[in-house]
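An overview of the molecular structure
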Amino acid sequence: MTRPVAMTEVWRNTFLESVHLGHAVICDDSGQIVRSWGDPNAVIFPRSSCKMVQALPLITSGAAAKYGLGSEHLALACASHKGAAIHTERVNAWLGHLGLSDDDFRCGPQVPEDRDAREALIRAYETPCQVHNNCSGKHAGFLTLTQHMGAGPDYVAMDHPVQQACLAAFEEVTGEASPGHGIDGCSAPNFVTSLTGLARAMAWFASAAGRADRQSVAALELTKAMMQHPELVAGERRACTELMRAAGGMAAIKTGAEAVFVAILPEKRMGVALKIMDGTTRASECAIAAILVSLGVLDPDHPATRKFMTPLLHSRRGIECGRIAPAEGFI
């Protein structure tokens, strides 16, 4: 089957209102497909779901050790955060440690998703800075690697040594030559891969504890950092944070724009990757939760699982009017 399959349904009263189609792959530690839905060879932009891959050179180069980066820094390097104080204060401190400032970023400013941070800016008549960008942790990692390499300031350029190191790491762990790249929302290159390649990379991360090479040690550090600091990887009320907490150390979970999700499952030595074709986040959150329930990683009755896999819909007056659920026959 190469066409996308129904993964998430939206019901209003007793009538099916919307259906979201997608592709998904589960790979084992040998890189082989355990199960797939739709087209496992679908070519996608992983977007922010692959930030842990982009962070590998930060560790393998020796930059993380040189600058004394800890698990919080590594979690932020993998993050798509809300721009809350717990994120921006840590990223600003990281920049200060490097002797750099917000002007050294190349990610661009973004209105923070965090309400307190957003309203604080409004009250102060201030505009967002680049540190508020959800990718500022990743870019702090890029700047750290840039400084370690003694490279030029335009670290998002495709021919920059930082991005060349990211591409090499990406192709190594996906097991594929990337057919090209696009520019992500944070202005950095985002490398194209097949869905199987992305799942294979996540399974490689999941099985890192069984290997002693430098790349694998780095992968293990990044996976542990994500699971240790889920609040830094996304933020309160976000799916990545809440589902990682619900998994209780069994999964590192990361979303990407346009409805991509991945999961690293160390205890099972498996990796998961999915893409909802219409780019709807509510559908990808439901689908990843359903897959993780099927694998025994999430309890279907956990409040966080229910929140993202089977949420109820309400009118603006609070009247229950519908529900979101995994499509019939999906899992």
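Source: prediction; values computed, not measured. (Residues numbered from 1 in each chain as written. Predicted model: local features only at pLDDT ≥ 70, side-chain atom pairs only at ≥ 80, totals over all residues. Heavy atoms only, no water.)

1. Let's talk about the confidence of the model for the protein chain
For clarity, the threshold we go by: Residue-level confidence of the predictor, termed pLDDT, takes values from 0 up to 100. Only DSSP runs of H or I covering at least 4 residues are called helices, and only runs of E covering at least 2 are called strands; the numbering of each starts at the N terminus.
Per-residue pLDDT for the protein chain has a mean of 98; in total, 100% of the residues score no lower than 70. Averaged over each element, pLDDT in the protein chain is lowest for strand 11 (residues 312–314) (97) and highest for helix 4 (residues 71–77) (99).

2. Side note on a nonpolar patch on the surface
Put simply, the test is: Two distance rules govern patches: like charges are joined within 9 Å, and nonpolar side chains (Val, Leu, Ile, Met, Phe, Trp, Tyr) within 5 Å, applied only to residues with over 30% relative accessible area and no salt bridge. The Shrake-Rupley method, run with a 1.4 Å probe, gives the accessible areas here. Residue values count only the displayed protein chains as cover. Any carboxyl oxygen of Asp or Glu that lies within 4 Å of a side-chain nitrogen of Lys or Arg is treated as forming a salt bridge with it. Three exposure classes are used, based on accessible area relative to the maximum for each residue type with a 1.4 Å probe and protein chains only: buried under 20%, partly exposed in between, and exposed over 50%.
Together, Leu16, Val19 and Leu21 give the surface a local cluster of nonpolar side chains, amounting to about 230 Å² of exposed area. As for its position among the elements, Leu16 is in strand 2 (residues 15–27). Residue Leu16 is classed as partly exposed on the basis of its relative accessible area of 42%.

3. Some remarks on unusual backbone geometry
Backbone geometry at Ser187 places phi at a positive 80°, although glycine is not the residue there. For Ser187, the position within the fold is in the loop between strand 5 (181–183) and strand 6 (189–191).

4. Let's talk about the packing of helix 5 (residues 85–98) against helix 7 (residues 136–149)
Any two packed helices are characterised by the angle at which their axes cross and by the distance between the axes. Convention followed: All axes are obtained by fitting lines to C-alpha atoms, using only the stretch in contact for helices, and the reported angles, taken between N-to-C directions, cover 0 to 180 degrees. The labels follow the angle: roughly parallel below 35 degrees, roughly antiparallel above 145, roughly perpendicular from 65 to 115, and oblique for the rest. Two residues form a contact once any of their heavy atoms are found within 4.5 Å. Side-chain classes are defined by residue name, with Ala, Val, Leu, Ile, Met, Phe, Trp, Tyr, Cys and Pro counting as nonpolar, Asp, Glu, Lys and Arg as charged, and the others, Gly among them, as polar.
Their axes nearest at 10 Å, the elements helix 5 and helix 7 cross at an angle of 10°. Considered as vectors, helix 5 and helix 7 are oriented roughly parallel to each other. Side by side, helix 5 and helix 7 meet where Val91, Trp94, Leu95 and Leu98 of the first sit next to Ser136, Gly137, Ala140, Gly141, Leu143, Thr144 and Gln147 of the second. Classifying every residue of the contact of helix 5 with helix 7 by side-chain character gives six nonpolar, five polar and no charged.

5. Brief notes about helix 10 (residues 214–228)
Our working definition: The span you would expect from a helix comes to 1.5 Å times its residue count less one.
When the terminal C-alpha atoms of helix 10 are compared, their 21 Å separation across 15 residues agrees well with the 21 Å that a helix rising 1.5 Å per residue should span. Taken together, the buried positions of helix 10 are occupied by Gln215, Ser216, Ala218, Ala219, Leu222, Thr223, Ala225 and Met226.

6. Digging into the pattern of salt bridges
Per the counting criterion, the structure on display carries 12 salt bridges. Beyond isolated ion pairs, a larger network of salt bridges with shared partners links Arg115, Glu119 and Arg123.

7. Things to note about the pairing of strand 12 (residues 320–326)
Stated precisely, the cut-off is as follows: For two strands to be treated as a pair, DSSP must find at least two bridges joining them.
Where strand 1 (residues 5–12) meets strand 12, five bridges bridge the pair, whose relative direction is antiparallel. Across the sheet, Arg12 pairs through a bridge with Gly322, a residue of strand 12. As consecutive antiparallel partners, strand 11 and strand 12 are separated by five residues, and within that stretch Gly318 has a phi angle of approximately 90°, a positive value.

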